[in-house]
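# Structural features, examined
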Amino acid sequence: MKEIFQNISKIKYEGAESRNPLAFKYYDPDRIIMGKTMSEHLPFAMAWWHNLCATGTDMFGVGTQDKTFGAHPGTMEHARAKVDAGFEFMQKLGIRYFCFHDVDLVPESDNINETNRRLDEISDYILEKMKDTDIKCLWGTANMFGNPRFCNGAGSTNSLDVYCFAAAQIKKALEITVKLGGRGYVFWGGREGYETLLNTDMRFELENIAALMHMAVDYGRSIGFGGDFYIEPKPKEPMKHQYDFDASTAIGFLKANGLDRDFKLNIEANHATLAGHTFEHELRTAAINGMLGSIDANQGDMLLGWDTDEFPFDVYSATMCMYEVLKAGGLTGGFNFDAKNRRPSYTPEDMFYGFILGMDTFALGLIKAAALIEDGRIDEFIKGKYASFRLSELGRKVLEKRATLEELAARASELGAPALPGSGRQEMLQSVVNSVLFDKI
Ligand code: XUL
Ligand code: CO
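Residues numbered from 1 in each chain as written. Chains lettered and ligands numbered in written order. Predicted model: local features only at pLDDT ≥ 70, side-chain atom pairs only at ≥ 80, totals over all residues. Heavy atoms only, no water.

## Some remarks on the coordination of the cobalt ion (ligand 2)
- Those protein atoms acting as donors to the cobalt ion (ligand 2) are Glu232 (OE), Glu268 (OE), Asp296 (OD) and Asp338 (OD), and they sit at 1.9 to 2.1 Å.
- Coordination at the cobalt ion (ligand 2) comes from 6 donor atoms whose angles at the metal span 80 to 171°, giving a geometry best classed as octahedral.
- Within one chain, the residues serving as donors to the cobalt ion (ligand 2) are arranged as E-x35-E-x27-D-x41-D. Of this pair, glutamate 232 sits in the loop between β10 (228-231) and β11 (241-242) while aspartate 338 sits in the loop between β14 (335-337) and α12 (348-375), and the two are 106 residues apart along the sequence. (Donors = N, O, S within 2.8 Å, 3.2 Å for Na, K, Ca; no water. Tetrahedral: all angles 85-135°; square planar, octahedral: opposite > 155°, others 65-115°. Helix = DSSP H or I, 4+ residues; strand = E, 2+ residues; numbered from the N terminus.)

## Remarks on the sheet that holds strand β5 (residues 44-47)
- Taken in spatial order, the 8 strands of this closed barrel run β5-β6-β7-β8-β10-β12-β13-β14, and their pairing is parallel. In this sheet, neighbouring strand axes are inclined to one another by 30° on average, regardless of whether the strands run parallel or antiparallel. (Pairing = 2+ DSSP bridges. Axes fitted to C-alpha atoms, helices over the stretch in contact; angles between N-to-C directions.)

## Notes on the side chain of serine 18
- With respect to the helices and strands, serine 18 occurs in the loop between β1 (12-13) and β2 (23-24).
- Given a relative accessible area of 13%, serine 18 falls into the buried group.
- In terms of polar contacts, serine 18 uses its side chain to reach the side chain of glutamate 14, at 2.7 Å.
- For serine 18, the side chain forms a polar contact with the main-chain nitrogen of asparagine 20, separated by 3.0 Å.
- In this view, serine 18 contacts Ala23 and Lys25; residues no more than four positions away in its chain are not counted. (Buried < 20%, exposed > 50% of the residue type's maximum accessible area, 1.4 Å probe, protein only. Polar contact = N/O pair within 3.5 Å; in protein donor to acceptor, adjacent residues only side chain to side chain. Contact = heavy atoms within 4.5 Å.)

## Structural notes on the packing of aromatic side chains
- For the structure on display, the rule yields 26 aromatic pairs.
- Pairing phenylalanine 24 with tyrosine 27 gives two aromatic rings, centres 5.3 Å apart and planes at 80°, and the pair type is edge-to-face. Here phenylalanine 24 matches tyrosine 27 in class, with each residue buried.
- Relative to phenylalanine 229, the ring of tyrosine 185 has its centre 6.1 Å away and its plane inclined at 65°; by these criteria the two rings are edge-to-face. Of this pair, tyrosine 185 sits in strand β8 (residues 184-187) while phenylalanine 229 sits in strand β10, and the two are 44 residues apart along the sequence. (Phe/Tyr/Trp six-rings, centres within 6.5 Å; stacked < 30°, edge-to-face > 60°.)

## A closer look at the nonpolar core
- Counting 107 residues, the largest nonpolar core has Trp48, Leu93, Phe98, Leu265, Phe335 and Phe362 as its most contacted members.
- The dominant element in this core, judged by the number of residues it contributes, is α12, at 13 residues.
- The residues that make up this core include at least three from each of domain 1 (12-375) and domain 2 (392-437).
- When neighbours within four sequence positions are excluded, leucine 93 is seen to be in contact with Ile11, Phe24, Phe352, Phe355, Ile356 and Met359.
- Listed in part, the 9 residues of the second largest apolar core include Trp49, Leu138, Trp139 and Tyr230. (Core = buried A, V, L, I, M, F, W, Y, C linked by side-chain atoms within 4.5 Å. Domains from an automatic or database assignment.)

## Digging into the domain arrangement of the protein chain
- As assigned here, the protein chain comprises domain 1 (12-375) and domain 2 (392-437).
- One C-alpha centre belongs to domain 1, the other to domain 2, and the line joining them spans 40 Å.
- Across the boundary between the two partners, domain 1 contributes 7 residues, which contact 5 residues of domain 2.
- Note on domain 1 versus domain 2: buried area summed over both sides is about 570 Å², and carbon and sulfur give 74% of it.
- It is Tyr316, Lys368 and Leu372 that lose the most area in domain 1 upon contact with domain 2, and together they represent 69% of the buried surface on that side. (Buried area = accessible area lost by both parts, 1.4 Å probe.)

Right, here's the structure in full:
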C-alpha cells in the first residue's frame, strides 16, 4: 500500500515542553486520569466529511485543499483512496473511530440502486481495513440535506416521493452502520425546519419526522442495531427555524413522540453557542435527562453568527465539557471532531495540526476537569448553596414532594420577610477555576 502522508510519521506524545508541532503535548493515551486511561476517556473520532471530503470551498471561492489523494474525484477509485488516506491518517494519530454520511463514502449516482451498490462495495473495503487495525465506527448517518430533492426537508418534506427517498437513505445508512459495527446512528435535521409559516404546516411536518424516526428504530432493531440513535440539535443554518433547536427542544420532541428510550443526543459545541447557550449548558441538559450520548467536538467563533466548525482550541470550554462528561460517568458515544481546517490552512500537515490541536485541547480539558473535581470547592459550594432544603423538616418535605402551598405560605407569614438567599460567589468560583487551570506557572 502506497503511503499517502509520506513525510509524516506516527504522532507521539512528547510532553508540554516539546516544540515539535507534529507531537502531542498533553494527549498521552496511556496516562491514567480518575482510574481510566486518557484514550478510554476520550474516544476520538474523525469526521469523514470534513477530513477526507471538504476542500475549503466557500460561497466566495473554490477549494484550496487537495483531497484527491492521487485519484480522480467522483470515481470509486477516489472513494477507495479516501479510505486509504483516512485509515493511514487515523493510525498515525492514534484515532480509533470514524463517523460518516452515506455520500461521504461514495459519489452519489442519479439512481439510488447504483448508489447503494457503491456503498456495499466501499463498506466491504472499509471492513477489510478495519480488520487489520483497532479502528471502529462511532456512528453513521444519511445526508438528507445536500441533494436538491431535500430543499423542503426530508422527514418534513411535502413530497411523498422525497419522503420515500429519505426512508431509503436511512435504511441503507443503517445497514452500513450495522455492517461496520457502529456505536450510534445520528439524525442531524439539516433541512428539517422552515423559513415562513406562510408555506408551512408545522404540526404535519413534526409528525412526519417522528414517524420516520419510529420506522428507523423499528428497522434498525430488526437488523440487529443495538446502539443509540441520536438527534444532533442545531438552532439555525441552513434553515431559519430548525425543529431541533437545542437540547431541550429535542428532548421535548423525543418525549412527546415516545422516542426517548431509543434516542440520546449528540451535542455539538458550535451548535450550542449558535443557540445562545454554552456547550456545558447543552451537555448538562442532556445529562440530567439521561440523554447525553455523544459529542461533536468543535468550536465556533463568537463574532460570527454561523457554524464555523473550528478545531477546539478553547481550553476553558473543553474543561467545562469534560467536567460534565466526567460527572455524567462518560459517554456511550465519543468525541467526533466535526471540525475543518481554515481555508488558508491547505496542506496535508494542516490536517494533522488540526487534530493535534483538538486532541490536546480535550486532553487538557480532561486533566483540568479531573483536577476541578478533585479540588472539590465547586461541588462543596453548590452543595452548601441548597442546604436549606436539606437541613430543615419543611425543606425535606419539599424535596420529598410532600409539602403544600398553604404550609409554605404559613412559614412565609411567620417570617414576615426572608433573609437574602446567600451570595452566588461567581467571581470567587471563577478564581478557583483559574487557580486550578494555572496551578503551575
Ligand atoms: C452540521 C453538522 C453535521 C452533522 C452530521 O452542522 O454538524 O455535520 O454532524 O450530519
Ligand atoms: Co455535527
